[in-house]
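These are the residues of each chain, in order.
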Amino acid sequence: MRVAFAADHAGVELKAELIRRLAAAGLGHELIDLGGDGSDPGDDYPDFAARLGHAIRDGAADRGILICGSGVGASVAANKIPGVRAAICHDTYSAHQGVEHDDMNVLTLGSRVIGPEPALECSVAFLAARFSGEPRHRRRLDKVLAIEREAATRPQNPVSAA
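Nothing here was measured: the structure is a model prediction, and the numbers come from that model.

Thresholds applied
Residues numbered from 1 in each chain as written. Predicted model: local features only at pLDDT ≥ 70, side-chain atom pairs only at ≥ 80, totals over all residues. Heavy atoms only, no water. Salt bridge = Lys/Arg side-chain N within 4 Å of Asp/Glu carboxyl O. Helix = DSSP H or I, 4+ residues; strand = E, 2+ residues; numbered from the N terminus. Buried < 20%, exposed > 50% of the residue type's maximum accessible area, 1.4 Å probe, protein only. Pairing = 2+ DSSP bridges. Axes fitted to C-alpha atoms, helices over the stretch in contact; angles between N-to-C directions. Contact = heavy atoms within 4.5 Å.

Participant: Mind showing me how you'd approach the pattern of salt bridges here?
Facilitator: Close approach of charged atoms lets side chains of opposite charge pair. Tallied over the entire structure, the rule returns 10 salt bridges. Lys-15 is paired through a salt bridge with Asp-33; the nearest N and O atoms lie 2.6 Å apart. One end of the pair, Lys-15, is in helix H1 (residues 12-25); the other, Asp-33, is in strand S2 (residues 30-33), with 18 residues separating them in the sequence. Judged by relative accessible area, Asp-33 falls into the partly exposed class, the value being 45%. Linking Glu-134 and Arg-136 is a salt bridge whose minimum nitrogen-to-oxygen distance equals 3.5 Å. For Glu-134, a relative accessible area of 36% translates into the label partly exposed. Taken together, the shared-partner salt bridges connect Glu-17, Arg-20, Arg-21 and Glu-117 into one network.

Here you go:
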């Protein structure tokens with residue numbers, strides 16, 4: 001599996017640690033580092049969420065691990081890209097269940113919320129999981145994809161100032 005990693009300035013240390021430890025674990029995944037490097041404190045999570053999300057959307061990566069300070073902003077930004085299903089998971093159950101039931105393809109982590117050991121455990125659980133394809137999960141995923149398609153084609157109705 002091709003796994004892309006990206007992080008803003010707050011997540012760069014955890015990203016480097018995860019890449020190093022996952023490579024050492026010999027799980028057979030191709031690990032792709034999409035940046036950042038921590039050299040710019042102005043690095044903003046939306047830039048890295050877009051970079052990673054586009055890699056997923058365009059087929060350059062199968063899954064992604066995206067890190068910012070809390071995991072929240074990165075998740076919000078990544079989910080704006082069609083085809084990306086990102087979620088914050090700071091426990092192994094959510095990390096594998098999100099893939100098995102919801103076909104999640106991006107794990108977001110908060111470097112200021114989770115330590116390196118639980119982050120590694122969540123990453124391993126996420127990467128080992130597969131979408132079950134069970135009818136109830138497929139039905140629900142199809143509904144999520146329909147919402148995504150509708151949002152892409154529906155004209156926005158801006159709220160006018162009162």
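Participant: Is there a simple way to explain the sheet that holds strand S4 (residues 86-88) in this structure?
Facilitator: Pairing between the strands of a sheet is mediated by backbone hydrogen bonds and can be parallel or antiparallel. Strands sit in the order S2-S1-S3-S5-S4 across an open sheet of five strands; the sheet is parallel. Where the open sheet ends on each side, the last strands, each with one partner, are S2 and S4. Across this sheet, the average inter-strand angle for adjacent strands is 20°, counted without regard to direction. The pairing of strand S3 (residues 63-68) with strand S5 (residues 106-110) spans five bridges and is classified as parallel. Counterpart to Leu-66 in the pairing with S5 is Thr-108. Across the sheet, H1 touches strand S1 (2-7), S2, S3 and S5, and the angle it forms with S1 is around 155°.

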